[in-house]
Amino acid sequence: DGRVWALNEAARPFRFRVQQDGSIDSIGFDSLGGSLHSAVSAHPKYDYHTGDIFYHGKEMMKRFYLGRIRDGKVQEEASLPVKDGFQHDMFITKDYAVVVDGSSRFNPKNVAKRRPLWQFDEKHYLRFGVSPRNKPLTPENFIWIEAPVAAEIVHTCYGWNEGSIIKLFTPMAFNDPNQTSGILA
């Protein structure tokens with residue numbers, strides 16, 4: 001419907017309008033007619049064929065969720081069994097919505113230890129939560145697929161499916177145990 005949003009992972013989308021002269025008018029936080037009560041990640045996915053928008057987000061230390069917007073309203077939102085991590089992006093294909101759960105973990109107790117809030121957990125393998133788009137978004141309709149490695153995916157580039165085979169083109173980061181600082185140390 002022509003909405004333009006500024007997004008971050010801590011709040012609902014901030015709506016603005018770009019004028020003919022290029023100036024910007026702030027409209028405010030968008031609740032999608034009162035149907036959106038959750039924060040939306042910086043990377044929702046829009047399906048040009050159906051008009052559906054899939055988004056994910058989290059309330060730190062509380063819950064992680066995936067939702068679907070259709071016709072300008074939230075149609076469904078599912079809370080999923082995902083611990084606090086760096087779930088920054090997701091992807092959709094023609095037939096699937098896919099959540100990425102990488103190996104970077106959030107640990108606020110590390111502040112007292114003078115360690116990073118985010119740490120790579122080599123025991124938490126990269127995994128994908130896959131939901132068929134022709135079924136309701138419920139935790140029961142997700143299949144969790146664990147990769148054989150601990151890794152992190154920050155941004156997905158392009159995902160597609162060929163029948164039941166899902167493919168993803170994306171950069172992937174691995175931990176270097178010899179590194180003493182940085183995001184994956």
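Within every chain, residues take consecutive numbers counted from 1 along the sequence as written. Note on the predicted model: pLDDT of at least 70 is required for a residue's local features to be given, and 80 or more for side-chain atom pairs to be given and counted; whole-chain, interface and lining totals, by contrast, use all residues. Side-chain figures throughout are based on the complete set of non-hydrogen atoms in the structure, without hydrogens or water.

**Comments concerning the sheet that holds strand β6 (residues 63–70)**
Okay, so step 1: The strand order across the open sheet formed by four strands is β4-β5-β6-β7, and the pairing between neighbours is antiparallel. The open sheet is flanked by β4 (45–46) and β7 (73–80), the only strands paired with a single partner.
Okay, so step 2: The sheet contact formed by β6 and β7 spans seven bridges and is antiparallel. For F64, the partnering residue across the bridge sits in β7 and is L80. Two strands qualify as a pair provided that DSSP identifies no fewer than 2 bridges between them. In this description a helix means any DSSP run of H or I spanning at least four residues, a strand means any run of E spanning at least two, and both kinds are numbered starting from the N terminus.

**Regarding the pairing of strand β5 (residues 53–59)**
Okay, so step 1: The element β5 is largely enclosed, with a buried count of six among its seven residues.
Okay, so step 2: In this structure, the hairpin formed by β4 and β5 is closed by a connection of six residues, where G51 is found at a positive phi of approximately 85 degrees.
Okay, so step 3: Where β5 lies against β6, seven bridges are found, and the strand directions are antiparallel. Following the sheet pairing, Y55 is matched in β6 by G67. Relative accessibility under 20% of the residue-type maximum defines a buried residue, over 50% an exposed one, and the middle range a partly exposed one, all with a 1.4 Å probe and only protein chains included.

**A look at the environment of R3**
Okay, so step 1: Considering the arrangement of structural elements, one finds R3 in the segment before β1 (4–6).
Okay, so step 2: Its relative accessible area of 27% is what places R3 among the partly exposed residues.
Okay, so step 3: Remark: the alpha-carbon pair of R3 and Q179, spanning 176 residues in sequence, is separated by 43 Å.
Okay, so step 4: For R3, the contacting residues outside a window of four places in its chain are R15, D30, L32 and G72.
Okay, so step 5: A 3.5 Å cut-off defines polar contacts: any pair of N or O atoms within that distance qualifies, except that in protein one atom must be a possible hydrogen donor and the other a possible acceptor, and neighbouring residues in sequence count only when both atoms are side-chain atoms. Engagement of the side chain of R3 in a polar contact is seen with the side chain of D30, the distance being 2.6 Å. Residues are treated as being in contact if the distance between any of their heavy atoms lies within 4.5 Å.

**With respect to unusual backbone geometry**
Okay, so step 1: The backbone of D71 sits at a positive phi, close to 55 degrees, despite the residue not being glycine.
Okay, so step 2: For D71, the position within the fold is in the loop between β6 and β7.
Okay, so step 3: Taking relative accessible area as the criterion, D71 reaches 73% and is therefore assigned exposed.
Okay, so step 4: Even without glycine at this site, R114 takes up a positive phi of about 60 degrees.
Okay, so step 5: Here R114 lies in the loop between β10 (104–106) and β11 (118–120).
Okay, so step 6: Looking at R114, the relative accessible area reads 80%, which means it is exposed.

**Remarks on the side chain of D52**
Okay, so step 1: Turning to its location among the elements, D52 is positioned in the loop between β4 and β5.
Okay, so step 2: A polar side-chain atom of D52 sits 2.7 Å from a polar atom in the side chain of R70.
Okay, so step 3: Non-local contacts of D52, meaning those with residues more than four positions away in its chain, are made with K45, Y46, D47, R68, I69, R70 and R133.

**So, the sheet that holds strand β12 (residues 127–132)**
Okay, so step 1: If you walk across this open sheet you meet the four strands as β8-β9-β12-β13, and the pairing is antiparallel. Strands with a single pairing partner mark the edges of an open sheet, and in this sheet they are β8 (90–92) and β13 (143–146). Each neighbouring strand pair of the sheet contributes to a mean axis angle of 20 degrees, computed without reference to strand direction.
Okay, so step 2: Relative to β13, β12 is paired through four bridges, and the arrangement is antiparallel. The partner of V130 across the bridge, within β13, is I143. Comment: axis = line fitted to C-alpha atoms, over the contacting stretch for helices; angle = value between 0 and 180 degrees taken between N-to-C directions.

Bear in mind that shape data such as this cannot, by itself, settle questions of function.
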